[in-house]
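# Summary of the model geometry
Single-letter residue listing:
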Amino acid sequence: MAQVPAVPKLARARHLLRATVLGQTTPTADMVASERAALALRAANLAPRTAEQVTFLIPLVGPHHVGDWPSVTDRLRTTLQSFLAQDNPNWIAAICCQTEPDLPDDPRITYVPFDDPTHGNDKWRKLGVLNAALPRLTPAPGYVMSFDADDLLRQGTVQDMLTRQETGGYLVQSGLVMDVATGDIALADQPNLVTPLRKPFWKLCGSCAAVYHDPSETDSTAFLAEMTQHEHRMFPYLAKLAGQPLKRLSRPSVLYMLNHGENFGARRGRVGYKTRFVQSYKISDAATLDDIRRDFPI
């Protein structure tokens, strides 16, 4: 199963108009499965309950797809350390892979086996397995966030989510991109008059959306399963179509690491632009860099 292609932008605008302005939740013939699931969730009009935890779904690349498996698992442990360092302990992390990595001894961290022998990129099939495991992973309402195994979560982010209790969830509009080869760190955020070509973080990295999920509602689980089969640029649109618009997190909350040797994007030849992005928008203020090093395990 490959990544599901993005819906064309004009079609997205048309479908949002039908749902948000005209109140129509019956799917049209040109809608893909994720849009149909979004409309079903919108039509269900679920009453939000208190979010009690954040669940991170981590599809880990298998050892047969990489050249340095120990380095991959080292970076995974650093990712998990960014969860363990959170001042709010109410989170869960599930890692799906063909091989069980060496994981920290913590009941909040779970290994989900993957045994699909199909050749090719299996990231989205692993996300499908993780979503299928949600009913047993998340007994209470909360936020679910697909998270790459080499990204880092800022200390305090779980607390921010669970304190604010946004009914739709959260979007990482402001985040950080680090070029491991140089050590430079850039800010990704909305463009403005000073930086008109800068991009928000959610357009650069898949660890960008924490969506409200109620495990007692099948429409909620079905929507997450379909949403995560797309690239991350579709997440804000699908959440809005589902009636669960995502709100911006308070600070740059995720750090995305480039050029560490085993980036998924590098295997598709897509790291060059992001390397140039870091050089264009790198942070030079010493106090800001000190804050980043304090809040992320880098």
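Since the structure is predicted, the reported quantities are computational estimates derived from the model, not experimental observations.

### Observations concerning the overall build of the chain
The helix and strand tally for the chain stands at eleven helices and eleven strands. The C-alpha radius of gyration of the chain comes to 19 Å, within 12% of the 19 Å expected for a compact globule of 298 residues. Dimensions of the chain, computed from C-alpha atoms along their principal axes, come out at roughly 50 × 50 × 40 Å. Counting over 298 residues, the chain shows a buried share of 53%.

### Remarks on the nonpolar core
Ranked by internal contacts, the top residues of the largest apolar core, which has 79 residues, are Phe 56, Leu 80, Phe 83, Tyr 143, Val 177 and Phe 201. Counting residues per element, this core draws most heavily on strand E2 (residues 91–97), which supplies six residues. Setting aside residues no more than four positions away along its own chain, Phe 56 makes contact with Phe 83, Trp 91, Ile 92, Ala 93, Ala 94, Met 145, Phe 147, Leu 153 and Val 158. If you look at the next biggest cluster of nonpolar residues, it comprises ten residues, including Leu 176, Ile 185, Ile 292 and Phe 296.

### Let's talk about the sheet that holds strand E4 (residues 142–146)
Strand pairing within a sheet occurs via backbone hydrogen bonds; the two strands may be parallel or antiparallel. With mixed pairing, the seven strands of this open sheet are ordered in space as E3-E2-E1-E4-E9-E6-E10. Single-partner strands in this sheet number two, and they are strand E3 (109–113) and strand E10 (247–248). Inspection of the sheet shows E2 paired to E3 by five bridges, in the parallel sense. The residue bridging Ala 94 from the neighbouring strand is Thr 110, located in E3. Helix-sheet contacts for helix H6 (residues 157–164) involve strand E1 (53–59), E2, E4, strand E6 (169–171), strand E9 (209–213) and E10, and the interaxial angle to E1 is about 130 degrees. Lying over the sheet, helix H7 (residues 218–227) contacts E4 and E9, oriented at roughly 160 degrees with respect to E9.

### So, the environment of Thr 221
In this fold, Thr 221 is placed in helix H7. For Thr 221, a relative accessible area of 16% gives the class buried. Taking the C-alpha atoms as reference points, Thr 221 and Gly 23, 198 residues apart in sequence, are found 23 Å from one another.

### Points about the sheet that holds strand E8 (residues 184–188)
With mixed pairing, the four strands of this open sheet are ordered in space as E5-E11-E7-E8. Looking at which strands have only one partner, the edges of the open sheet turn out to be strand E5 (151–153) and E8. With direction set aside, neighbouring strand axes in the sheet form an average angle of 25 degrees. Summarising the sheet, strand E7 (residues 175–179) and E8 pair through five bridges and their orientation is antiparallel.

### Observations concerning the side chain of His 15
Mapped onto the elements of the fold, His 15 is located in helix H1 (residues 9–21). Among the residues examined, His 15 registers a relative accessible area of 1% and is labelled buried. Discounting residues that sit within four places of it in the chain, His 15 has contacts with Thr 28, Asp 30, Met 31, Glu 35, Tyr 237 and Leu 241.

### Focus on the pairing of E1
With seven of its seven residues buried, E1 lies for the most part within the structure. With burial as the criterion, each face of E1 is covered, one bearing Gln 53, Thr 55, Leu 57 and Pro 59 and the other bearing Val 54, Phe 56 and Ile 58. Of the pairings in the sheet, the one linking E1 to E4 comprises five bridges and is parallel in character. Bridge pairing in E4 places Gln 53 opposite Gly 142. With six bridges joining them, E1 and E2 adopt parallel strand pairing. Bridging from a neighbouring strand, Thr 55 pairs with Ile 92 of E2. Assessed by its sense of winding, the connection that carries the chain from E1 through helix H3 (residues 69–84) to E2 is right-handed.

### Description of the pattern of salt bridges
For the coordinates displayed, the defined rule picks out 16 salt bridges. Asp 295 is paired through a salt bridge with Arg 251; the nearest N and O atoms lie 3.2 Å apart. Of this pair, Asp 295 sits in helix H11 (residues 286–295) while Arg 251 is found in the loop between E10 and strand E11 (254–258), placing the two residues 44 residues apart along the sequence. Through salt bridges with shared partners, one network takes in Arg 154, Arg 251, Asp 291, Arg 294 and Asp 295.

### What to know about a nonpolar patch on the surface
Where nonpolar side chains cluster on the molecular surface, the patch consists of Leu 17, Val 21 and Leu 22 and spans about 300 Å² of accessible area. Locating Leu 22 in the fold gives a position in the loop between H1 and helix H2 (33–44). The exposed category is assigned to Leu 22, whose relative accessible area is 52%.

Analysis parameters
- Residues numbered from 1 in each chain as written.
- Predicted model: local features only at pLDDT ≥ 70, side-chain atom pairs only at ≥ 80, totals over all residues.
- Heavy atoms only, no water.
- Helix = DSSP H or I, 4+ residues; strand = E, 2+ residues; numbered from the N terminus.
- Rg over C-alpha atoms; globule rule 2.2 N^0.38 Å.
- Buried < 20%, exposed > 50% of the residue type's maximum accessible area, 1.4 Å probe, protein only.
- Core = buried A, V, L, I, M, F, W, Y, C linked by side-chain atoms within 4.5 Å.
- Contact = heavy atoms within 4.5 Å.
- Pairing = 2+ DSSP bridges.
- Axes fitted to C-alpha atoms, helices over the stretch in contact; angles between N-to-C directions.
- Right-handed = clockwise from strand over helix to strand, strands pointing away.
- Salt bridge = Lys/Arg side-chain N within 4 Å of Asp/Glu carboxyl O.
- Patch = residues over 30% accessible without salt bridge, like charges linked within 9 Å, V, L, I, M, F, W, Y side chains within 5 Å.
- Areas by Shrake-Rupley, 256 points an atom, 1.4 Å probe, with all protein chains shown as cover.

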